[in-house]
Amino acid sequence: MEIDKVIRESDDRRLRTKYNNAIYVIRRAFALYSIEELAFSFNGGKDSTVLLHLLRAAYFLHQAEQGHSNGDIADCELSFPIRTIYFESTSAFPEINSFTYEIASTYSVQLEIIRLDFKSGLEALLKANPIRAIFLGVRIGDPTAIGQEQFSPSSPGWPAFMRVNPILDWSYRDVWAFLLTCKVRYCSLYDQGYTSIGSIHDTVPNATLCIKKSDNSKEKFRPAYQLPDGRLERAGRAKKCSPPVCSRFPAVSNGLKSVDEREKGMLTASVVAVGDEILFGAIEDQLGPTLCRKLCSIGLALSQIAVVRNDIDVVADEVERRKSANDLVFIYGGVGPLHSDVTVAGVAKAFGVRTAPDEEFEEYLRHIIGDKGTGDRNEMAQLPEGITELLHHEKMPVPLIKCMNVIILTSTNVAELEREWDCLIELTRSSGLLTLAEPFVSKCLGTTLSDVETAQPLSKLSIEFPDLYIGCYRESRQGPLVIHFEGKDQARVEAAAEALKKKFHAGAFYDIN
C-alpha cells in the first residue's frame, strides 16, 4: 500500500515511530474485536483524516498477513469495511461536510450519517449494531483526552464501548508531518488559516497565521501546517481567560499575622527541594535560602521549606499538601533525564494526572540537546497533562513549567536561580502572571543581654505587636543575641524596636545593618 511504503521510506524517524505505534494499536483492536464489532468516528478534521488513512493501512497489512492481498493494490481501490459514523450538524462548516462526503466516495467508506447529538447518536448506534469498540482521533491536548489511554472504556453515564485512540500521543507536528509526507487530501479550511475546527459559532482562523498588510485589504492567512507553535493549535477557538495565580487573595499592607495568614488575606508560599544528596549531607542546599529571600521581597509569606527524597510518591505527597495550603509552591531539584529526576512525575501525581508529551517543550529540548537523547521519545518532554503552562522568556533557554499554582524551577545553582527569578518577575510585570504584594521590611537589634533577661519582655512585646514576626537567634553560643523584626509596615517595625529598647536601660540594644 502506498501510504505504508511512503512512511517506511521516510527520513523522519519520529514519524515512522508514531506510525508504527498507531498501526500496532489498530491491529491490536483487530485482534480483540471482529470487523463487525468495530466502528470509526470521522468528523472531517485533520486528526480523523490521519486516522482514516492509518486504519486503511492497518487493514491492508492485516489482510496481507492473512494472505488476502498481493500487496500491489492501489490506495483508492482498497475496500474499507469498518463502519464509519459521521455526526452531521447544522453548525458544521459546509467545507467539512463536502470533504467528508468526497472522502467517503473516494475510498469506498461505509459512511453512516447520524443527525443526533453525540451521546444520543451513540446510544442509537450501539443499540442497533453489535459494536463494542470505536476508533477515535483523540490526541493529548484535546479537552476530552485527559485520563485516556490507547484503550479506554467509555465514561460513566455513557453507552458502554471501548474507546480506541491510536494517535493519542501524536502532536500537532506529527499530524501535519503525516498528511504532507503522504500527500493525502485534507479539508480546505486548513489552507485558510484554521488550525482546529469546531462549529461555525466558535471557530475562526488562527490569528498567529495572519499575514499582515499595510493596506486595508481583506485579511489573509497562511496554511495550518505553517503554525510555528503547536500549543497554539486551539487559538482560533472561543475560550475563557483564567485569572492570574494568587489573584483571589488581596495584597495586605499591615504585615505578618500571628494567626492563619491565608484567612487574613496574606499570600503564602512553600518551597520544596528534591534531592537525596541534600538529605545525605553530600551537598549544602544554597537555593532554598536564596529563594526564601526572593519570596519575601515580593510580599509572600513563606509557610515552610521542605527537603524530600527522590521518590515520586514522596514528592507527590509533599506537593499535594503544600498546593492546597498555600497560594504558590516552588519546587526545584530532580528535573532532568536521570532515573532520580522524579519531580515532574511527582507533581503530576499530586494533581492526579498523567504525564504526556509536550510538543513545544520537546522542540526547546531538541534545540539544546539535538539528537543526543536516547529512544524515540524524549522523556524530559513528558509534562503533567492538561495542567501545564510554559512560561517563556528570551533569556531562558527553556521555559519555566507552571502546573496550576506549582512552579517547577530548573536551577542547579544560585546564578541560574537569579536568572530564572528575574525572568519570572519580568513576566509578572508584563502579563500579571503572579500577584505581587508589598514586600516585607525588617530590622535587627543586637544585645549582650542573656536569653533569660530578654525572654519575658520579648514575650510581652510579641503580644503588643501581633502583626509582626519577632524572632531571636545567635550566630554563635558566645555571640550577641539578635532580635529580628519582620513585617510590612516600616513604621510598625520601628515602633516595635523602640518599644523593646524602652524596656531596658539605655544602650542595651544596638542596630545591626
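Computed from a prediction, not measured in an experiment: that's the story for all the values here.

Calculation criteria
Residues numbered from 1 in each chain as written. Predicted model: local features only at pLDDT ≥ 70, side-chain atom pairs only at ≥ 80, totals over all residues. Heavy atoms only, no water. Helix = DSSP H or I, 4+ residues; strand = E, 2+ residues; numbered from the N terminus. Expected span 1.5 Å × (residues − 1). Bend = angle between axes of the 7 residues up to and from the residue. Buried < 20%, exposed > 50% of the residue type's maximum accessible area, 1.4 Å probe, protein only. Contact = heavy atoms within 4.5 Å. Pairing = 2+ DSSP bridges. Axes fitted to C-alpha atoms, helices over the stretch in contact; angles between N-to-C directions. Core = buried A, V, L, I, M, F, W, Y, C linked by side-chain atoms within 4.5 Å. pLDDT = per-residue confidence, 0-100. Phe/Tyr/Trp six-rings, centres within 6.5 Å; stacked < 30°, edge-to-face > 60°. Lys NZ or Arg CZ within 6 Å of the ring centre and 35° of its normal.

Participant: I'd like a rundown of the environment of alanine 124, residues and numbers included.
Facilitator: Take alanine 124: it is sitting in helix H5 (residues 118-128). A sequence separation of 35 residues divides alanine 124 from proline 159, and the C-alpha atoms of the two residues are 9.5 Å apart.

Participant: Can you explain helix H13 (residues 451-464)? Please cite residues and give values.
Facilitator: Note that an α-helix has 3.6 residues per turn; residues three or four places apart therefore point the same way. Over its 14 residues, H13 extends 20 Å from the first C-alpha to the last, a length consistent with the 20 Å expected when each residue adds 1.5 Å. The principal kink in H13, of about 25°, is found at proline 457. All buried positions along H13 are accounted for by Thr454, Pro457, Leu458 and Leu461. Buried residues along H13 sit against strand E18 (469-473), strand E19 (481-487) and helix H14 (490-502).

Participant: Outline the sheet that holds strand E14 (residues 388-391), supporting the account with residue identities and numerical values.
Facilitator: Spatial ordering of the open sheet is given by E10-E9-E11-E16-E15-E14, a layout of 6 strands whose pairing is mixed. A strand with exactly one partner marks an edge of an open sheet, and here the two such strands are strand E10 (301-308) and E14. Between one strand axis and the next, the sheet turns through 20° on average, direction left out of account. With 4 bridges joining them, E14 and strand E15 (residues 400-403) adopt antiparallel strand pairing. When the bridges of E15 are listed, threonine 388 appears paired with cysteine 403. Contacting strand E9 (268-274), E10, strand E11 (328-332) and strand E16 (406-409), helix H9 (residues 312-325) crosses the sheet at an angle of about 175° to E10.

Participant: Account for the nonpolar core, naming residues and giving values.
Facilitator: Counting residues in each nonpolar core, the largest one holds 60 residues, and the members touching the most others are Phe40, Leu54, Phe135, Trp170 and Phe178. Not counting residues up to four positions away in its chain, the partners in contact with phenylalanine 135 are Ile26, Ala29, Phe30, Leu38, Ala39, Phe40, Ser41, Leu51, Leu55, Ile82, Val164 and Pro166. Core analysis: the second largest hydrophobic core is formed by 27 residues, Leu300, Ile425, Leu427 and Leu434 among them.

Participant: Would you mind going over the confidence of the model for the chain in detail, with residue names and values included?
Facilitator: Residues at a pLDDT of 70 or more form 89% of the chain, whose mean pLDDT is 86. Counting interchain partners and residues more than four positions distant, the pLDDT-below-50 stretch residues 239-264 has 60 contacts.

Participant: Explain the packing of aromatic side chains to me, and be specific about the residues and the numbers.
Facilitator: In the structure shown here, the tally under the stated rule is 14 aromatic pairs. The interplanar angle of 50° and the centroid separation of 4.7 Å between the aromatic rings of phenylalanine 87 and phenylalanine 118 together place this pair among those described as tilted. You can see phenylalanine 87 sitting in strand E2 (residues 80-87) and its partner phenylalanine 118 sitting in helix H5, a full 31 residues away along the chain. Classification of phenylalanine 118 as partly exposed rests on a relative accessible area of 37%. With centroids separated by 5.5 Å and ring planes inclined at 70°, the aromatic side chains of phenylalanine 93 and tyrosine 194 adopt a geometry described as edge-to-face. Taken together, the residues phenylalanine 93 in the loop between E2 and helix H4 (94-106) and tyrosine 194 in the loop between helix H6 (172-182) and strand E7 (210-211) connect sequence positions 101 residues apart. The exposure classification of phenylalanine 93 matches that of tyrosine 194, with both residues buried. Note that lysine 323 overlies the ring of phenylalanine 351, its terminal NZ or CZ placed 4.7 Å from the centroid. Stacked on the ring of phenylalanine 440, the Lys or Arg lysine 488 has its end atom at 4.9 Å from the ring centre.

Participant: Got a sec to walk through the sheet that holds E2? Specific residues and values, please.
Facilitator: Spatial ordering of the open sheet is given by E3-E2-E1-E4-E6-E5, a layout of 6 strands whose pairing is mixed. At either end of the open sheet lies a strand with only one pairing partner, and these are strand E3 (109-114) and strand E5 (151-153). If you compare each strand with its neighbour and ignore which way they point, the axes differ by 30° on average. When E5 meets strand E6 (residues 162-164), the two strands line up antiparallel, connected through 3 bridges. Considered in E6, the bridge of proline 153 is made with methionine 162.

Participant: Please provide a residue-by-residue account of unusual backbone geometry, values included.
Facilitator: Phi is positive for serine 108, which is not a glycine, with a value near 50°. Topologically, serine 108 is positioned in the loop between H4 and E3. With relative accessibility at 45%, the residue serine 108 sits in the partly exposed group. A positive phi angle is found at lysine 183, which is not glycine, with a value near 55°. As for its placement among the helices and strands, lysine 183 is situated in the loop between H6 and E7.

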